[in-house]
Amino acid sequence: MNPHWQQKKIIEFCKVNGILVTAYSPLGGAGNNVLGHDRVMKCHVLQDIAKSRGKTLAQISLRWLYEQGVSIAVKSFNTGRMKQNLDIFDWTLTEDELYKIDQIPQRRHFYLIGTMVTDHNDVMAEIDAELD
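Reading the values: rules and limits
Residues numbered from 1 in each chain as written. Predicted model: local features only at pLDDT ≥ 70, side-chain atom pairs only at ≥ 80, totals over all residues. Heavy atoms only, no water. Axes fitted to C-alpha atoms, helices over the stretch in contact; angles between N-to-C directions. Helix = DSSP H or I, 4+ residues; strand = E, 2+ residues; numbered from the N terminus. Parallel < 35°, antiparallel > 145°, perpendicular 65-115°, else oblique. Left-handed = near helix turned anticlockwise from the far one by under 90°. Contact = heavy atoms within 4.5 Å. Phe/Tyr/Trp six-rings, centres within 6.5 Å; stacked < 30°, edge-to-face > 60°. Buried < 20%, exposed > 50% of the residue type's maximum accessible area, 1.4 Å probe, protein only. Core = buried A, V, L, I, M, F, W, Y, C linked by side-chain atoms within 4.5 Å.

Draft legend 1. Structural view of the packing of helix 2 (residues 44-53) against helix 5 (residues 95-102). Packing of helix 2 against helix 5 brings their axes to within 9 Å, and their N-to-C directions diverge by 160 degrees. Taken together, the axis directions place helix 2 and helix 5 in an arrangement best described as roughly antiparallel. Note that helix 2 runs across helix 5; the crossing there is left-handed. Residue-level contacts link Val45, Leu46, Ile49, Ser52 and Arg53 of helix 2 to Glu97, Lys100 and Ile101 of helix 5.

Shown next as structure tokens:
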């Protein structure tokens, strides 16, 4: 889960049913050449919000996740980034910022037998249909 793959239907299903969602690689895992992507870190909407708030793009994305009520699994070996990642609890995103993030075009992807799938596929269609 991240601002580019918000998964609204499944998040709502989980909330209604008392299931805690965890956002793994919430910044896209750009450093992972096999499984990662850089869409979150290159998102102009998040960049604009971060610049206007004096925050990092990662902080904006992590704060958004926190406000969605999900747990967040972040990995970094950089001490400075670890500290920045924790600096998300004493401020909130505005309604306008939340609206802008909500409007980010969604692009889901998942890995099927070691290959990233980004196009329409029956597996994801079936899961979405079950949630309707």
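Draft legend 2. Examining the packing of aromatic side chains more closely. In this structure the tally under the stated criterion is 1 aromatic pair. Between the aromatic rings of Tyr66 and Phe89, the centroid separation amounts to 5.0 Å while the plane-to-plane angle is 85 degrees, which identifies the pairing as edge-to-face. Of this pair, Tyr66 sits in helix 3 (residues 57-67) while Phe89 sits in the loop between helix 4 (79-86) and helix 5, and the two are 23 residues apart along the sequence. Assessed through its relative accessible area of 40%, Tyr66 is described here as partly exposed. Residue classification places Phe89 among the partly exposed residues on the basis of a relative accessible area of 49%.

Draft legend 3. Quick look at the nonpolar core. Met1, Leu46, Ile60, Leu65, Leu93 and Ile101 are the most contacted members of the largest nonpolar core, which has 23 residues in total. Elements that contribute at least two residues to this core include exactly helix 1 (8-16), helix 2 and helix 3. Of all the elements, helix 3 adds the most residues to this core, at 6 residues. Not counting chain neighbours up to four residues away, the residues in contact with Met1 comprise Gln6, Gln7, Ile11, Val21, Ala23, Tyr24, Pro26, Trp64, Leu65, Gln68 and Val70.

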